[in-house]
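Structural characterization, general
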Amino acid sequence: MTRVIPPAARLSSMDRRSFLRFSALTGAALGGAAALSACGKSTSAANANGSSADGSKFGTVAMQLSWLKNIEFSGEYYADNKGYYRDAGFGHVNLIAGGAASTSVEAGLDTGKIWIGTSAPQTTAPAVLGGLPAKIVGTTYQKNPFCIVSSAAKPIHSPQDMKGRKIGVQDTNQLIFQALLAANNMTPNDVHIVQAQFDPTPLANGEVDGWVSYVTNEPITLAAKGFQNTNFMFADYGLPLTAETLTVRQETIDKERDKLKAFLTAEIKGWKDAVADPAGSAHLAVDVYGKDQRLELSEQTAEATAQNGLVVSADTKANGLFTMTDQLIASNIEALAKAKISIKASQLFDLSVLRELFAEHPELK
């Protein structure tokens, strides 16, 4: 959800990216997850000598991205483009684009059509509670991108600043917005909630004071059009949910641990390159992997730079990319509870593979 698209198309874009849509889509696809059996294979079969059909150690795997092929997956582009997946033992990693009409990552894991995917705690948790044997093994974004964007001339710097103000909230973002209010001891009566679509023109026109947005999108696109703005992030005010989480089936953790470590090694190398070179990331998104999306290079570069603030934190600098501290995991469980999703940390997260990897290869940090 990081490209400028016309209002008509933007609806499906933001809808797919909204908190409630995530939960509803997952629930619909996976309500009977326990009763479904795998109907596809995401890896190449091994031959007699232990190598795959293509001669590589681990063969081909399918990775479903949480959205269309834009800047959000620049680490995966680098891992593929620079041969990190190949060096790790994979014949090929098939990067499958997500999107408004796509099957959810959780549904893909359930059917066996994908081996790994990027998702979010608020998506995976309902699926797990519905019977899907899956775990989050790492997170690309240490913070979720939800924010309230407002005019720099009439700024809203915190939830408390929203009191008495008009806030544009899309139908499918009502749940996470109300979770933000609850997390800050507020109720819907404290603000004037304005039913909104997904084109932020009403904010630019002064019809509302604030707008539920993605920090890597609307603030940048509005500024590019001359509308100076500011924002605050939900993650900084009681909803520290992570995003672009790496999710696999439990059996992958149990039976393919070395394979998962190899994949994570390639991912870490790819994302280290992406963080170090936003311009190069934008080039891969615009000219190679997302060429059919008609992305704008300058915008994607700006979004890549903004994205780094979600990927890198003091904790990742100390512990390595994709890691989550016990405190961050606990905070995610608490945030999910505020959104009325009750789940235990041990049901949703397993960072043991990643921790083992960094212990074995500290040079990856």
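Structure report, in brief. (Residues numbered from 1 in each chain as written. Predicted model: local features only at pLDDT ≥ 70, side-chain atom pairs only at ≥ 80, totals over all residues. Heavy atoms only, no water.)

This part covers the overall build of the chain. The number of helices and strands found in the chain is 17 helices and 10 strands. Per-residue burial over the chain gives 57% buried out of 365 residues. Of the contacts formed within the chain by residues at least 6 apart in sequence, a portion of 80% connects residues at least 24 apart. Accessible area for the chain stands at about 14,300 Å²; split by element, carbon and sulfur atoms hold 52% of it. (Helix = DSSP H or I, 4+ residues; strand = E, 2+ residues; numbered from the N terminus. Buried < 20%, exposed > 50% of the residue type's maximum accessible area, 1.4 Å probe, protein only. Contact = heavy atoms within 4.5 Å. Areas by Shrake-Rupley, 256 points an atom, 1.4 Å probe, with all protein chains shown as cover.)

For the rest of this paragraph, the subject is the packing of aromatic side chains. Applying the stated criterion across every chain, the model contains nine aromatic pairs. An angle of 35° between the planes, with centres 5.1 Å apart, marks the rings of F58 and F90 as tilted. Here F58, found in the loop between α2 (19–30) and β1 (59–64), pairs with F90, found in strand β2 (residues 90–96); they are 32 residues apart in sequence, far enough to count as distant. Of the two residues, F58 and F90, neither departs from the other in class, the shared state being buried. Relative to F263, the ring of Y85 has its centre 5.4 Å away and its plane inclined at 20°; by these criteria the two rings are stacked. In this pair, Y85 is assigned in helix α4 (residues 84–87) and F263 in helix α11 (residues 257–276), connecting sequence segments 178 residues apart. Comparing Y85 with F263, the two get one shared label, buried. Grouping aromatic residues by their ring pairs yields a cluster made of F58, Y85, F90, W115 and F263. (Phe/Tyr/Trp six-rings, centres within 6.5 Å; stacked < 30°, edge-to-face > 60°.)

On to the environment of L351, then. With respect to the helices and strands, L351 occurs in the loop between α16 (345–348) and α17 (352–360). When the C-alpha atoms of L351 and F322 are compared, they prove to be 9.2 Å apart, with 29 residues separating the residues in sequence. Those residues in contact with L351 that lie beyond four places of it in its chain are I136, V137, G138, F322, T323, M324 and I329.

Now for the environment of A282. Structurally, A282 can be placed in helix α12 (residues 278–289). Residue classification places A282 among the buried positions, given a relative accessible area of 0%. Considering only alpha carbons, one finds A282 and A304, 22 residues apart in sequence, at a separation of 6.8 Å. Each residue touching A282, except ones within four places of it in the same chain, is listed here: I71, L297, Q300 and T301.

Turning to the sheet that holds β1, a few remarks are in order. Here we have five strands laid out as an open sheet, ordered β2-β1-β3-β10-β4, and mixed in their pairing. Of all the strands in the sheet, just β2 and β4 (134–141) have a single pairing partner and so form its edges. Taking the axes of each pair of neighbouring strands and ignoring which way they run, one obtains an average angle of 25° across the sheet. When β1 meets strand β3 (residues 116–119), the two strands line up parallel, connected through two bridges. (Pairing = 2+ DSSP bridges. Axes fitted to C-alpha atoms, helices over the stretch in contact; angles between N-to-C directions.)

Right, let's talk about the packing of helix α3 (residues 74–81) against α12 for a bit. Viewed as axis vectors pointing N to C, α3 and α12 meet at an angle of 75°, and their least axial separation amounts to 9 Å. Classed by the angle they form, the pair α3 and α12 counts as roughly perpendicular. From α3, S74, Y77, Y78, D80 and N81 reach across to α12, where they touch G280, S281, L284, A285 and Y289. Class assignment for the residues of the contact of α3 with α12 results in five nonpolar, four polar and one charged. (Parallel < 35°, antiparallel > 145°, perpendicular 65-115°, else oblique. Nonpolar A, V, L, I, M, F, W, Y, C, P; charged D, E, K, R; others polar.)

Of note in the backbone geometry, N185 takes a positive phi value of approximately 55° without being a glycine. Take N185: its relative accessible area is 75%, and that puts it in the exposed class. For E244, which is not a glycine, the phi torsion comes out positive at approximately 50°. Relative to the elements of secondary structure, E244 occurs in strand β10 (residues 243–249).

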